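Architecture at a glance
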Amino acid sequence: MSGVTATPRDRGAARVPVRRLTVLYDAECSLCAFVRDWLVRQPQLVPLEPVPAGSEAARARFPGLDHGATLEEITVVGDAGQVYRGAAAWVVTLWALRRYRRLAHRLSTPSGARLAKGAVLAAAKWRGATTGWGGATTGWGGSVYHRGDGWTYDPRDGWSHTPPNCAAGACTAP
């Protein structure tokens, strides 16, 4: 699998079994949040722990990682110090799931890797077109929802907005 690197704390990743994987995902991306929710509902052979990329928790846990890059490309970190990016991250994540391990083995072949890379590129293109990631605008012509602008997302209720100047009920009507 290409896209696998070792961190300075690597414990001999080629020889050490993976017992846990941390999936760093963009909490501001609706596709990423959907995939995170889907992953945690799947039967897992190897425990997956989703952590928002670039968050304080991610920075504290992985101080040597380029956290800016984790917001640009899916990144999965193994408990033995392995770092998987892009297509390799998708493959190792599928490998951790009971129902998708066979698929992960097929995607780890040279021809399967091309398919996995294509899936990652398609997801990145969709993400860029719908979230404004990478400088693109959203497909509906509006601007991007950002938490700093007062937007929050709840999977049950969708997007809601509380303008930052309305914190603690101190809003004035326009």
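Look up: the structure comes first, before these words.
This structure is a prediction, so every number in the text was calculated from the model and none was measured. Here the residue numbers are simple positions, counted from 1 along each chain's written sequence. Confidence filtering applies because this is a predicted model: local features only for residues at pLDDT of at least 70, side-chain atom pairs given and counted only at 80 or more, and all residues used for totals across whole chains, interfaces and linings. Note that water and hydrogens are dropped before the side-chain values are worked out from all heavy atoms of the structure.

**Here's the deal with the overall build of the protein chain**
- Helices and strands together make up the secondary structure of the protein chain, namely 6 helices and 7 strands.
- Strands here are runs of E lasting at least two residues and helices are runs of H or I lasting at least four, both read from the DSSP assignment and numbered beginning at the N terminus. The linear arrangement of helices and strands in the protein chain, starting from the amino end, is β-β-α-β-α-α-β-β-α-α-α-β-β.
- Sorting the 174 residues of the protein chain into buried and exposed places 33% on the buried side.
- Partitioning the intrachain contacts of the protein chain with sequence separation of at least 6 by distance along the chain shows that 58% fall at a separation of at least 24. Working definition: with a 1.4 Å probe on protein chains only, accessible area under 20% of the residue-type maximum means buried, over 50% means exposed, and in between means partly exposed. Two residues form a contact once any of their heavy atoms are found within 4.5 Å.

**Observations regarding the nonpolar core**
- With 18 residues, the main nonpolar core has Leu21, Leu39, Leu48, Val76 and Tyr84 as its most contacted residues.
- Counting only elements with at least two residues in this core, the list comes to β2 (21–25), α1 (30–41), α4 (87–95) and α5 (101–107).
- In terms of residue count, the dominant contributor to this core is α4 (5 residues).
- Once residues lying within four places of it in the same chain are set aside, the contact partners of leucine 39 are Val23, Gln44, Leu48, Thr93 and Leu97.
- As used here, the term nonpolar core means buried Ala, Val, Leu, Ile, Met, Phe, Trp, Tyr and Cys residues forming a set that is joined through side-chain atoms within 4.5 Å. Counting residues in hydrophobic clusters, the runner-up holds 8 residues, among them Leu24, Ala53, Ala58 and Phe62.

**Describing the packing of aromatic side chains**
- Each aromatic pair joins two rings of Phe, Tyr and Trp (for Trp, the six-membered one) with centres within 6.5 Å, and gets the label stacked for planes under 30 degrees apart, edge-to-face for over 60, and tilted for any other angle. Within the structure shown, the criterion is met by 1 aromatic pair.
- Sitting above the plane of the tryptophan 95 ring, arginine 101 keeps its charged end 4.0 Å from the centroid. In this scheme, the term charge over a ring applies when either NZ of a lysine or CZ of an arginine sits within 6 Å of the ring centre and within 35 degrees of the ring normal.

**Thoughts on the pattern of salt bridges**
- Salt bridges are identified by distance alone: a Lys or Arg side-chain nitrogen within 4 Å of an Asp or Glu carboxyl oxygen. With the rule as written, the count across this model stands at 2 salt bridges.
- Salt-bridge contacts for arginine 36 lead to aspartate 37; the nearest nitrogen and oxygen are separated by 2.8 Å.
- Judged by its relative accessible area of 23%, aspartate 37 falls in the partly exposed class.
- Residues arginine 61 and glutamate 49 are paired through a salt bridge, measuring 3.1 Å at the closest nitrogen-oxygen approach.

**A word on the environment of alanine 80**
- Here alanine 80 is to be found in the loop between β4 (75–78) and β5 (82–85).
- By relative accessible area, alanine 80 is classed as buried at 0%.
- With 62 residues separating them in the primary sequence, alanine 80 and valine 18 have C-alpha atoms 6.5 Å apart.

On their own, these measurements won't tell you what the molecule is for.
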